[in-house]
Amino acid sequence: MQYGAAAEQAWYMPAAAASMVAAAESAVARVERLASESAVVVFSVSSCCMCHAVKRLFCGMGVHPTVHELDLDPRGRELERALARLVGYGGPAAAAPPVVPVVFIGGKLVGAMDRVMAAHINGSLVPLLKEAGALWL
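Attention in this report is confined to the structure presented alongside it.

Definitions and cut-offs
Residues numbered from 1 in each chain as written. Predicted model: local features only at pLDDT ≥ 70, side-chain atom pairs only at ≥ 80, totals over all residues. Heavy atoms only, no water. Helix = DSSP H or I, 4+ residues; strand = E, 2+ residues; numbered from the N terminus. Contact = heavy atoms within 4.5 Å. Salt bridge = Lys/Arg side-chain N within 4 Å of Asp/Glu carboxyl O. Core = buried A, V, L, I, M, F, W, Y, C linked by side-chain atoms within 4.5 Å. Buried < 20%, exposed > 50% of the residue type's maximum accessible area, 1.4 Å probe, protein only. Axes fitted to C-alpha atoms, helices over the stretch in contact; angles between N-to-C directions. Parallel < 35°, antiparallel > 145°, perpendicular 65-115°, else oblique. Left-handed = near helix turned anticlockwise from the far one by under 90°. Pairing = 2+ DSSP bridges.

1. What about the environment of Leu79?
And then number 1: In this structure, Leu79 sits in helix α5 (residues 76-87).
And then number 2: Along the backbone, Leu79 and Arg30 are 49 residues apart, and their C-alpha atoms lie at a distance of 7.9 Å.
And then number 3: Not counting residues within four places of it along the chain, the set of residues in contact with Leu79 comprises Ala27, Arg30, Val31, Leu70 and Asp73.

2. Details of the pattern of salt bridges
And then number 1: Applying the stated criterion to the full structure yields 6 salt bridges.
And then number 2: In this structure, the salt-bridge partner of Glu80 is Arg77, at a minimum N-O distance of 4.0 Å. Here Glu80 pairs with Arg77, and both are found in helix α5, just 3 residues apart, close to one helical turn.

3. Section: the nonpolar core
And then number 1: By size, the foremost hydrophobic cluster in this structure holds 18 residues, and its most contacted members are Val31, Phe43, Leu70, Leu83, Val100, Val102 and Phe104.
And then number 2: Mapped onto this core, the elements with two or more residues apiece are α3 (27-36), β1 (40-44), α5 and β3 (102-105).
And then number 3: Excluding anything up to four places from it in sequence, Leu70 contacts Phe43, Ser44, Val45, Gly76, Leu79, Glu80, Leu83 and Val100.
And then number 4: Ranked by size, the runner-up nonpolar core spans 17 residues in total, among them Met61, Val63, Ile105 and Val116.

4. Some thoughts on the packing of helix α4 (residues 49-60) against helix α6 (residues 113-122)
And then number 1: Viewed as axis vectors pointing N to C, α4 and α6 meet at an angle of 30°, and their least axial separation amounts to 11 Å. The angle between α4 and α6 places the two elements in the roughly parallel class. When you trace α4 past α6, the crossing you get is left-handed. Taking contact as the criterion, the partners of Met50, Ala53, Val54, Leu57 and Phe58 in α4 are, on α6, Met113, Val116, Met117 and His120.

5. Side note on the sheet that holds strand β4 (residues 108-111)
And then number 1: Ordered by their spatial adjacency, 4 strands build an open sheet running β2-β1-β3-β4, and the pairing between neighbours is mixed. Each end of this open sheet is capped by a strand with a single partner; those strands are β2 (66-69) and β4. Here the average twist between neighbouring strands, direction ignored, is 25°.
And then number 2: Across 4 bridges, the pairing between β1 and β3 is antiparallel. Bridge pairing in β3 places Val40 opposite Ile105.
And then number 3: Running over the sheet, α4 touches β1, β2 and β3 and is turned about 160° from β1.
And then number 4: Along the sheet, α5 makes contact with β1, β3 and β4, crossing β3 at roughly 70°.

Remember that the coordinates give geometry; whether it matters functionally is a separate question.
If you want it as structure tokens, here you go:
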């Protein structure tokens, strides 16, 4: 049936075409898209102790963030450079502090570990999480 074949082709995108679409998307645009897909998004590296700490902080609060492990992503280095620009880390890579973890809440950049911990300590983290719909208590 002609209709069935056309409908089948409409939703099917070969892997090569999908990778071309993904490559066309800039790293900053991809970060922004991924950050807006969930209430809490953490960009992380699986072997980073600070990343582990921020993920444990959220889980301990009853929040389950979407975690993007940059070391497991084929475009992870590119995303890490985009995150560094968004967070405001400039200069040579050797002198720059580690970029991850980088946290977005409600699609808005909160920042790296220092900003997340400061928000937690001063009491502004919970209202952010409630506003984003990540925490109901």
